[in-house]
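Each chain, letter by letter, is given below.
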Amino acid sequence: MWHVSAACFILLLTVPVSVAFTRLPLSGSGWIVSDSADVKINGKVPGTQYTALLKQGLIGDPLYRDNDVNLRSLGRKNWTYSLNFSVPAILVSSKNLTLVCEGLDTVAQMILNNNVLGKTDNMFVRFAYDITGKLRKGNNNLRVEFTSAVLEAQSKASKSSYRIPPDCPPEVQHGECHVNQLRKEQCSFSWDWGPSFPTQGIWQPIYIDSFNSAIIRDVSAVVSKVNNKWQIAVQVYFDSIRQPGRYGVTGQLEASIRGLNLSHSENVTLRGIEEPTHFIITVPESKIVPLWWPRGYGEQNLFTLNVTFETFKGPYRSATDKSSKSLRIGFRTVELIQEPVKNKFQIRKGWKYYYDKRYSPTGLTFYFRVNGIPIFLKGSNWIPADNFQERITRKHLQYLLSSAASVGINAMRVWGGGIYESDDLYDICDELGIMVWQDLMFSVALYPAYPEFIKSVAYEVKYQMRRLKHHASILVWAGSNENEKALRQDWFDTKENYTRYYEDFLKLYVRTIKPIVESEDSSREYLSSSPTNGAESVKEGYVAQDPGSELYGDIHFYDYMADQWTAEVFRIPRMASEYGIQSWCNNESLAAVFAPQDFDVNSKMVDHRQHHGMGNIEMTAEVTLHMQLPQTSDTQSYFAEYIYLTQINQAMSMRTQTEHYRRYQSRLLDDGRGLTMGALYWQLNDIWQAPTWASIDYEGRWKMLHYFARSFFNKHLISPYKLDSNTLDVFIVVDEIPIMESRSPATGKLQFWPMSTLDSLKNSEVPKQEIYAVLHKLRMATIGYLRIEVFEYSSFQPLFSWTVPYELKTTAESVFKKSISDALSESGCPGPEHCLLYFSATDQSGSDLSTSWFMFTYPKYARIKKPQLKIVSVTKLASTVFEIEVSADVPALFVWLSAGSVKGHFSDNGFHMLSSSAKVQFFAQQPIRSLTLRPQLSVKSLQNNWSNIRAHFSILVFLCMSISLLYWIIY
Ligand code: BMA
């Protein structure tokens with residue numbers, strides 16, 4: 001039995017010893033996890049049946065080979081978590097005892113000392129039970145009896161009077177069915193990038209609060225600017241004794257914002273009704289508040305809002321309770337701008353043109369302004385970082401999000417098929433300036449709309465909004481992932497019964513969720529789905545005719561039949577909130593989960609890890625379209641090379657697509673397409689070692705895509721592409737500078753301009769004292785020189801070069817256009833397969849801005865030589881940082897370094913070597929010795945196995961043989 005010692009009582013934050021409020025934590029070890037048959041083991045909270053069994057050595061690594069399927073029975077049993085604990089008399093003598101469970105996964109019954117406290121069926125909410133009179137002095141027993149989520153989902157589906165699709169995931173996912181019946185992490189029943197582990201367990205802290213009058217349960221806050229004044233609207237939620245007597249519970253509420261000298265104080269009387277106290281702290285106009293800016297645009301200033309509540313002694317109460325809570329807030333405004341892209345529509349009457357201001361068939365803009373400045377969202381999509389939440393540490397989240405930030409990512413969509421993420425994740429995003437697009441947790445499915453389900457969702461949305469809305473990083477709330485599109489495009493065969501499903505859609509996202517979101521947070525927009533047409537979807541009854549329209553809202557783009565190395569296959573939307581293509585995770589990351597025979601492109605496990613129907617075939621087809629398949633008969637080397645090629649393909653495809661979106665930010669075509677203001681690729685992280693869309697694999701190793709992101713998300717982007725088959729067009733795109741919208745007086749067309757005049761800056765929200773520095777930054781970003789060098793694949797010496805000055809008027813524009821045949825002949829390059837272009841830009845002062853490159857042909861046609869690559873030296877710079885020098889004898893493409901079993905990432909990888917030596921840094925995840933790292937390092941590059949090289953070789957052999965024969969005849 002586990003005895004709770006007096007030391008286990010923690011007094012909330014700065015609570016002095018004399019006050020009554022105490023918190024008894026029940027999380028940690030001491031729990032017994034059992035099934036209904038013979039398993040009875042020690043477990044931990046937070047935890048699940050899988051990690052408990054793993055810890056006890058009763059199962060192998062759930063991620064090993066096909067253990068997800070082998071362990072399937074664990075998700076279909078009912079598990080119980082039980083804890084014996086001892087409680088001292090002083091605790092039970094309090095007037096109120098509340099058992100608080102911050103998160104239970106998912107369907108459970110809570111029993112304390114044989115008293116049934118209640119049932120739970122939503123993992124996204126907190127449950128609190130009044131256990132006054134039920135908790136005993138001395139020994140107590142708490143049992144959390146879970147019901148298998150798989151069985152419960154099945155049972156709910158069978159009770160439903162109509163089908164709520166999809167029933168089951170595609171067979172290739174080896175998943176479980178009807179997850180949409182439950183308020184549980186939707187991807188825990190499998191997804192197209194992840195296995196099925198239908199967890200059961202206590203996944204958040206659990207504790208008992210003991211108090212005599214009332215305590216603060218929650219504090220939430222929304223920061224907004226009203227009539228040019230910053231306001232912090234604060235809500236405080238209390239937990240008070242149920243029968244407070246005639247006079248209620250009274251106390252002193254104090255709030256202060258550290259560093260700003262702002263405070264609020266009031267007497268509060270609680271009458272046992274769960275009503276929050278609201279108050280507004282207004283910042284006087286005279287006070288200059290340092291703003292919170294998205295990454296790249298300024299600092300992420302954050303302030304601590306501290307709220308305390310101390311109850312007074314009353315006629316029936318001798319002791320007081322003191323409780324407090326702190327939040328971090330930031331001052332910034334967020335607007336979602338949906339305005340006609342052309343505010344004048346040209347109509348022709350006879351020979352004359354007129355403008356019709358009322359009617360715009362060319363759609364609405366869709367972009368975010370933060371602190372008054374339009375911001376291009378550069379980012380990705382976040383999925384749960386582990387199948388078992390209890391394994392995720394703040395350090396790991398920090399690693400993943402810093403990896404994102406370090407390649408220029410400023411926005412992240414928390415995707416709707418996972419979980420409302422941990423406080424840590426949003427805290428880190430606040431700190432890093434990563435703007436969060438927050439989906440609510442509904443994804444690729446239709447959902448029930450019966451009263452209990454709706455009630456549960458309503459509570460969930462309220463609870464999560466209160467938990468999250470103070471975060472400066474959160475940009476927007478979106479009701480679901482792809483559900484508007486799924487309904488409209490009949491993904492689940494619901495056409496026949498459209499009205500019923502449409503009604504359910506409205507009931508859930510429009511009549512239930514929308515008013516809650518709007519009343520909880522008037523400072524941000526609510527979108528009922530993503531993708532959506534936004535205001536146009538609303539106009540069309542929330543399910544637009546074409547929710548993927550390029551003229552409105554956001555789109556998701558996937559087309560595995562298209563050649564994604566060519567820009568013309570892509571759409572021209574207002575914003576792309578998802579687009580992606582698969583590649584394998586790094587070979588080294590498979591070591592822990594594959595047996596030696598699995599490292600074979602044709603192995604069963606290679607098929608098993610692929611959850612996206614035609615994924616392996618698509619990857620091979622995409623690779624062969626652009627590169628040559630590996631030329632080796634060794635199965636394991638073939639697989640390693642194949643992985644490398646899939647990663648090149650993914651990196652190149654995403655580079656092409658992302659740059660395409662960025663180039664379109666200032667362009668508006670006559671048909672209304674353009675002004676693209678966001679590119680969030682699918683997906684940042686992984687949940688297991690497999691072929692997926694991720695740019696960072698499950699073990700934290702960066703895939704080539706992640707290294708490429710650093711250049712395609714560069715704040716100064718040189719973007720060369722083929723305008724048509726014989727025209728090279730080079731764009732420069734700049735961001736992280738203040739920009740403004742401007743309409744052409746003639747056409748009413750909107751464009752984004754760098755805010756480059758002093759007057760426009762003075763009228764902006766840029767702090768006055770920073771205006772001259774910003775003006776300088778603007779000039780440096782928009783005026784400079786572009787140098788273009790032509791390299792032959794056989795030489796490190798450039799054949800030819802051009803240098804062009806540029807001065808950008810808009811944030812993305814063409815600075816160099818040339819026919820490819822002219823470029824080749826002018827430079828003396830023998831043909832497109834022999835050369836590549838290298839670009840570099842410098843500002844007016846000669847400082848480097850960015851670099852880029854362009855191949856005239858796909859790599860499979862490129863006449864590259866086989867380079868001799870060597871690691872020349874490894875120098876330790878710090879305990880986890882090393883400098884590695886690589887040499888090459890001829891230019892090498894897609895040079896790829898690996899640190900073998902050592903986890904970490906390089907400063908650059910997948911790069912081209914156009915000089916004989918390159919230096920990169922390696923950042924190990926743990927301190928390591930040079931001697932340990934050195935033998936793990938390897939380097940390779942793309943190699944073409946030319947049939948004509950072989951032909952030359954045979955001619956050579958033939959010549960040699962003839963000469964020998966002649967020699968033999970003569971002599
Ligand atoms: C989108 C996402 C995910 C999915 C991804 C790749 O539709 O919303 O549901 O994993 O595509 O198929």
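It should be noted that the structure appears before, not after, this text.
For every chain, the first residue of its written sequence is number 1, and the numbers climb from 1 along that sequence. Given that this is a predicted model, residues contribute local features only at a pLDDT of at least 70 and side-chain atom pairs are listed and counted only at 80 or more, while totals for whole chains, interfaces and linings are drawn from all residues. Excluded from the side-chain calculation are hydrogens and water; included are all heavy atoms of the structure.

(A) Expanded view of the nonpolar core. Membership of the largest hydrophobic core comes to 287 residues, with the highest contact counts inside it found for L99, F331, L786 and F894. Each helix corresponds to a stretch of at least 4 residues labelled H or I by DSSP, and each strand to a stretch of at least 2 residues labelled E; elements are numbered beginning at the N terminus. Among the elements that make up this core, the one with the highest residue count is helix α14 (residues 635-663) (11 residues). Setting aside residues up to four positions removed in sequence, L99 forms contacts with L26, M110, L117, F127, A128, Y129, I131, L142, I206, Y207 and I208. Side-chain atoms within 4.5 Å link the members of a nonpolar core, which is a set of buried Ala, Val, Leu, Ile, Met, Phe, Trp, Tyr and Cys residues. Only protein chains enter the accessibility calculation, which uses a 1.4 Å probe; a residue whose area is less than 20% of its type maximum is buried, one above 50% is exposed, and one in between is partly exposed. Of all hydrophobic cores here, the second largest spans 7 residues; its members include V107, A149, V150 and F189. Note on contacts: a residue pair is in contact if any heavy atoms of the two residues lie within 4.5 Å.

(B) Summary view of the site of the ligand. The immediate surroundings of the ligand are formed by W191, D192, W193, W415, V444, N481, E482, Y558, E578, W682 and W693. In protein, a polar contact requires one atom able to donate a hydrogen and another able to accept it; more generally it is a pair of N or O atoms within 3.5 Å, and residues adjacent in sequence count only if both atoms are side-chain atoms. W191 is positioned such that a nitrogen or oxygen atom in its side chain is 2.9 Å from an oxygen atom of the ligand. Within the side chain of Y558, one N or O atom sits 3.2 Å away from an oxygen atom of the ligand. Protein burial of the ligand: of its 310 Å² of free accessible surface, 90% is covered by the chains. Here the residues of the shell around the ligand are counted per class, giving 7 nonpolar, 1 polar and 3 charged. For the purposes of this description, domain bounds are those given by an automatic or database domain assignment. Mapping the shell around the ligand onto the domain boundaries places at least three of its residues in each of domain 1 (2-208) and domain 3 (387-549). Definition of nearness: a residue and a molecule or strand are near each other if at least one heavy atom of the residue lies within 4 Å of the molecule or strand. The Shrake-Rupley method, run with a 1.4 Å probe, gives the accessible areas here. Residue values count only the displayed protein chains as cover. All amino acids are sorted into three groups, where Ala, Val, Leu, Ile, Met, Phe, Trp, Tyr, Cys and Pro are nonpolar, Asp, Glu, Lys and Arg are charged, and the leftover types, Gly among them, are polar.

(C) Structural context of the pattern of salt bridges. Every case where a carboxyl oxygen of Asp or Glu lies within 4 Å of a side-chain nitrogen of Lys or Arg is listed as a salt bridge. Tallied over the full model, the rule gives 48 salt bridges. Its salt-bridge partner being R183, residue E460 comes within 2.8 Å of it at the nearest N-O pair. Of the two residues, E460 is situated in helix α8 (residues 451-468) and R183 in the loop between α5 (149-159) and β12 (189-191); the sequence distance between them amounts to 277 residues. The pair formed by E460 and R183 is uniform in burial state, with each residue classed as buried. Its salt-bridge partner being D386, residue R391 comes within 3.4 Å of it at the nearest N-O pair. Put simply, R23, D130, D209, R217, D239 and R242 are held in one network by salt bridges that share partners.

(D) Region of the structure containing the packing of α8 against helix α10 (residues 498-520). Two elements in contact, α8 and α10, have axes whose closest approach is 10 Å; the angle formed by their N-to-C orientations is 25 degrees. The pairing of α8 with α10 is recorded here as roughly parallel in orientation. The two elements α8 and α10 meet at a crossing, and its hand is right-handed. Contacts between α8 and α10 involve F453, I454, V457, A458, V461, K462, M465 and R466 from the first element and K507, L508, T512, I513, I516, V517 and E520 from the second. Along the lines of polarity and charge, the residues of the contact of α8 with α10 split into 10 nonpolar, 1 polar and 4 charged. Lines are fitted to the C-alpha atoms to define the axes, a helix being fitted only along its stretch in contact, and any angle between axes, read from their N-to-C directions, falls within 0 to 180 degrees. Orientation is classified from the angle alone, with under 35 degrees giving roughly parallel, over 145 giving roughly antiparallel, 65 to 115 giving roughly perpendicular, and any other angle giving oblique. In this scheme, a crossing is called left-handed if the near helix is turned counterclockwise away from the far one by less than a right angle; it is called right-handed if the turn is clockwise.

(E) Local environment of the state of the cysteines. The definition used for a disulfide is geometric: two cysteine sulfur atoms within 2.5 Å. Overall, the coordinates contain 2 disulfides when judged by the stated rule. Two residues share a disulfide in this structure: C168 and C177, whose sulfurs sit 2.1 Å from each other. As the torsion about the S-S bond is roughly 100 degrees, the C168-C177 disulfide counts as right-handed. Look at C168 and you get partly exposed, because its relative accessible area is 41%. The disulfide partner of C829 is C835, and the gap between their sulfur atoms is 2.0 Å. Judged by the sign of its S-S torsion, about 115 degrees, the bond between C829 and C835 is right-handed.

(F) Representation of the packing of aromatic side chains within the structure. Centres within 6.5 Å make a pair out of two Phe, Tyr or Trp rings, where for Trp the six-membered ring is used; the pair is then stacked when the planes are under 30 degrees apart, edge-to-face when over 60, and tilted otherwise. As enumerated under the stated definition, the model contains 47 aromatic pairs in all. Centre to centre, the rings of Y50 and F388 are 5.4 Å apart; their planes meet at 35 degrees, and the pair counts as tilted. Taken together, the positions of Y50 in helix α1 (residues 49-55) and F388 in the loop between β28 (377-382) and α6 (394-406) put the pair 338 residues apart, joining distant regions of the chain. Per residue, the accessibility class of Y50 equals that of F388, and both read buried. Ring plane angle 55 degrees and centroid distance 5.2 Å describe the contact between F197 and F388, whose orientation is recorded as tilted. Taken as a pair, F197 in the loop between β13 (194-196) and β14 (201-202) and F388 in the loop between β28 and α6 lie far apart in primary sequence, 191 residues in all. With relative accessibility at 1%, the residue F197 sits in the buried group.

(G) Spatial organisation of the sheet that holds strand β45 (residues 869-878). Two strands qualify as a pair provided DSSP detects at least 2 bridges between them. The sheet built from 4 strands is open, its strands ordered β45-β46-β50-β48 with antiparallel pairing. A strand with exactly one partner marks an edge of an open sheet, and here the two such strands are β45 and β48 (904-906). Strand-to-strand, the axes of this sheet are offset by a mean angle of 25 degrees, without reference to chain direction. Bridge analysis of strand β46 (residues 881-888) against strand β50 (residues 917-924) gives 7 bridges, and the strand direction is antiparallel. Looking across to β50, one finds that E883 is bridged to Q921.

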